[in-house]
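Listed here are the chains, written in short residue letters.
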Amino acid sequence: MQIVIVEDNVRFAEQVIHTLNRFFTEKEEDAEICQMEGTELLEKLDEGLFCDVCLLDVEMPGMDGITLGQGIRKRSDRVRIVYLTAHERYAVPSYDVRAYGYILKGDYREKLPELLMRILEEEREKETEYYRSMTEKEGYKILLSDILYLEKDKKHVCFHCKGGKTYRGKETLENIMQQLPEDRFVAIDKGVAVNLGHVTEYREKTLTMRDGTKQHVSRRAWPGVIAKLGRLLGIEQ
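Keep in mind the model is a prediction, meaning the values are calculated, not measured. (Residues numbered from 1 in each chain as written. Predicted model: local features only at pLDDT ≥ 70, side-chain atom pairs only at ≥ 80, totals over all residues. Heavy atoms only, no water.)

S.K.: For this particular structure, what's the right way to read the pairing of strand β14 (residues 206-209)?
M.R.: Regular strands place their side chains on alternate faces of the sheet. In this structure, strand β13 (residues 199-203) lies alongside β14, joined through four bridges in antiparallel fashion. Residue pairing in the sheet places glutamate 201 in a bridge with threonine 208 of β14. Linking β13 back to β14 in an antiparallel pair, the connection comprises two residues, with glutamate 204 at a positive phi of about 50°. For β14 and strand β15 (residues 214-216), the ladder comprises three bridges, and the chain directions are antiparallel. Considered in β15, the bridge of leucine 207 is made with glutamine 215. Turn length for the β14-β15 hairpin, with the two strands adjacent in sequence and antiparallel, is four residues, and the turn residue glycine 212 shows positive phi of about 95°. (Pairing = 2+ DSSP bridges. Helix = DSSP H or I, 4+ residues; strand = E, 2+ residues; numbered from the N terminus.)

Okay, structure coming up:
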């Protein structure tokens, strides 16, 4: 999970980051947590940054959190916007940006882990589909959400998955792709396909995957890849 914090109170931001790290460590879940200013976040989103959760303060110098939330929402319907504020009076304005949550700063130690748990449960509900390969001699099944990308390797297809795991399939890439959800998996070049759900950044016909690898997209495939990314992530094209 990728989380961005926008908070001008440095000490409070450090406390929130500590709470987040402790939560994800206890749950044995991976998380990328970073802090940035509002204008920087919007610039990064324009450049192709994807994030799952934005934790925003409301009262900040320069751009306030409601205006920032509106900017985020114009760029993506997928991002969960959560407000962490000291004031109840901003709860109603937060509805305008379809905020996922609204937590008072005095309650964050209790309420933030509860909210994160709800998000994890929602994500886990999506992780019920598998790719299965069964023969008389061997067999395996791979959680679709674990697959980062697929790559043709001579007579086999390698499934590169989270945690550095790799599986080798004997079917052709074309046959495998017919068994995968076409809204999430897309061929990007000859012999290579990716899971769009694990793309963290795109620019100049290159996709950055969640494990840090860079995947080149052919000129012919690029328009279709961007269109599918937009539909999957709710980004206006």
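Past the structure itself, the notes keep going.
S.K.: Just to check I follow, could you spell out the nonpolar core for this structure?
M.R.: Formed by 20 residues in total, the largest nonpolar core has its most connected members in Ile3, Val16, Leu20, Phe24 and Leu55. Listed by contribution, the elements that provide at least two residues to this core are β1 (2-6), α1 (10-26), β3 (53-56), β4 (80-85) and α5 (108-126). The dominant element in this core, judged by the number of residues it contributes, is α5, at seven residues. Filtering out sequence-adjacent residues up to four positions away, leucine 55 remains in contact with Ile3, Val4, Ile5, Val6, Val16, Leu20, Val82, Leu84 and Leu112. (Core = buried A, V, L, I, M, F, W, Y, C linked by side-chain atoms within 4.5 Å. Buried < 20%, exposed > 50% of the residue type's maximum accessible area, 1.4 Å probe, protein only. Contact = heavy atoms within 4.5 Å.)

S.K.: Even after reading the chapter, I still don't get the sheet that holds strand β5 (residues 101-104), so can you show me in this structure?
M.R.: The strands making up a sheet associate through hydrogen bonds between their backbones, and the pairing can be parallel or antiparallel. On the basis of which strands lie adjacent, the open sheet formed by five strands has the order β2-β1-β3-β4-β5 and parallel pairing. Looking along the sheet, the strands with just one partner apiece sit at the ends: β2 (32-35) and β5. Between one strand and the next, the sheet's axes are offset by a mean angle of 20°, whatever the strand orientation. One ladder, built from four bridges, connects β1 with β3; its direction is parallel. Counted as the bridge partner of valine 6 is leucine 56 from β3. (Axes fitted to C-alpha atoms, helices over the stretch in contact; angles between N-to-C directions.)

S.K.: Mind showing me how you'd approach the pattern of salt bridges here?
M.R.: Pairing between side chains of opposite charge can happen when their charged atoms approach one another. A complete count under the given rule lists nine salt bridges for this structure. In this structure, glutamate 122 and arginine 80 form a salt bridge, with 3.2 Å as the shortest nitrogen-oxygen distance. Remark: arginine 80 occurs in strand β4 and glutamate 122 occurs in helix α5; sequence separation between them is 42 residues. Classification of arginine 80 as buried rests on a relative accessible area of 13%. Across the pair aspartate 153 and arginine 168 runs a salt bridge, and its minimum N-O distance is 3.1 Å. One end of the pair, aspartate 153, is in strand β8 (residues 147-153); the other, arginine 168, is in strand β10 (residues 166-169), with 15 residues separating them in the sequence. A relative accessible area of 30% means that aspartate 153 is categorised as partly exposed. In this structure, a network of salt bridges that share partners links the residues Glu7, Asp57 and Lys105. (Salt bridge = Lys/Arg side-chain N within 4 Å of Asp/Glu carboxyl O.)

S.K.: Please clarify how helix α3 (residues 65-75) should be interpreted in this entry.
M.R.: At 3.6 residues per turn, the α-helix brings residues three or four places apart onto the same side. Within the sequence span of α3, burial applies to Gly65, Ile66, Leu68, Gly69, Gly71, Ile72 and Arg73. If you check the start of α3, you find a side-chain oxygen 2.9 Å away from the backbone N of isoleucine 66, and it comes from aspartate 64. (Polar contact = N/O pair within 3.5 Å; in protein donor to acceptor, adjacent residues only side chain to side chain.)

S.K.: I'm lost on the sheet that holds β14 in this one. Help?
M.R.: Pairing is antiparallel across the open sheet formed by three strands, whose spatial order is β13-β14-β15. Each edge of the open sheet is held by one strand with a lone partner, namely β13 and β15. Geometrically, the sheet is characterised by an average inter-axis angle of 25° between neighbouring strands, direction not taken into account.

S.K.: Help me understand the side chain of glutamine 2 in this model?
M.R.: Among the structural elements, glutamine 2 can be located in strand β1. Other than its neighbours up to four places away in sequence, glutamine 2 contacts Glu32, Phe50, Cys51, Asp52, Val53, Thr200 and Arg210.

S.K.: Explanation requested: unusual backbone geometry in the structure shown.
M.R.: If you check the backbone angles, arginine 98 has positive phi at about 55° while not being a glycine. Relative to the elements of secondary structure, arginine 98 occurs in the loop between α4 (91-94) and β5.

S.K.: Is there a simple way to think about the environment of histidine 198 in this case?
M.R.: Among the structural elements, histidine 198 can be located in the loop between β12 (192-195) and β13. Excluding anything up to four places from it in sequence, histidine 198 contacts Ser145, Asp146, Ile147, Leu148, Lys162, Thr208, Met209 and Arg210.

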